[in-house]
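# Coordinate analysis (summary)
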Amino acid sequence: MALFYLLLIAAIVLVIVGATAEGMLYLLSAGVLLLIADVLYRAVRSVLHQRPAH
């Protein structure tokens, strides 16, 4: 779970820096890709850790 939050914070920081700094659109792109990867990581973990209903 800590990895999820770490990646989420890193993605948000990259998006903010990429959006505000001129000529840093590659940071914005990297932040968006990292955010997508983070959401997919969380989705896969939640699917894999579901317990079967009895």
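Thresholds applied
- Residues numbered from 1 in each chain as written.
- Predicted model: local features only at pLDDT ≥ 70, side-chain atom pairs only at ≥ 80, totals over all residues.
- Heavy atoms only, no water.
- Helix = DSSP H or I, 4+ residues; strand = E, 2+ residues; numbered from the N terminus.
- Rg over C-alpha atoms; globule rule 2.2 N^0.38 Å.
- Areas by Shrake-Rupley, 256 points an atom, 1.4 Å probe, with all protein chains shown as cover.
- Phe/Tyr/Trp six-rings, centres within 6.5 Å; stacked < 30°, edge-to-face > 60°.
- Lys NZ or Arg CZ within 6 Å of the ring centre and 35° of its normal.
- Axes fitted to C-alpha atoms, helices over the stretch in contact; angles between N-to-C directions.
- Parallel < 35°, antiparallel > 145°, perpendicular 65-115°, else oblique.
- Left-handed = near helix turned anticlockwise from the far one by under 90°.
- Contact = heavy atoms within 4.5 Å.
- Polar contact = N/O pair within 3.5 Å; in protein donor to acceptor, adjacent residues only side chain to side chain.

### Things to note about the overall build of the protein chain
For the protein chain, the count of helices and strands is 2 helices and 0 strands. Taken over C-alpha atoms, the radius of gyration comes to 15 Å for the protein chain, far larger than the 10 Å a tight globule of 54 residues would show. Principal axes of the C-alpha set define a box for the protein chain whose edges measure 55 × 15 × 10 Å. For the protein chain, the computed accessible surface area is about 4,400 Å², with 74% contributed by carbon and sulfur atoms.

### Quick look at the packing of aromatic side chains
If you walk through the whole model with that rule in mind, you get 1 aromatic pair. The ring of Phe-4 is capped by Arg-42, whose NZ or CZ atom sits 5.7 Å from the centre of that ring.

### Here's the deal with the environment of Ala-37
Within the secondary structure, Ala-37 is located in helix 2 (residues 25-48). Linking Ala-37 and Met-1, residues 36 residues apart in sequence, is a C-alpha distance of 14 Å.

### Describing the packing of helix 1 (residues 2-20) against helix 2
Remark: helix 1 packs on helix 2, axes separated minimally by 7 Å, with the N-to-C direction vectors making an angle of 155°. Considering their axes alone, helix 1 and helix 2 lie roughly antiparallel with respect to each other. Crossing of helix 1 against helix 2: the hand is left-handed. Residues Leu-3, Phe-4, Leu-7, Leu-8, Ala-10, Ala-11, Leu-14, Val-15, Val-17, Gly-18 and Ala-19 of helix 1 form the contact with helix 2, whose participating residues are Leu-25, Leu-27, Leu-28, Ala-30, Gly-31, Val-32, Leu-34, Leu-35, Asp-38, Tyr-41 and Arg-42.

### Some details on the side chain of Asp-38
Of note, Asp-38 is situated in helix 2. A distance of 3.3 Å separates the side chain of Asp-38 from the backbone nitrogen of Leu-8, its partner in a polar contact. In contact with Asp-38, other than residues within four places in its own chain, are Phe-4, Leu-7 and Leu-8.

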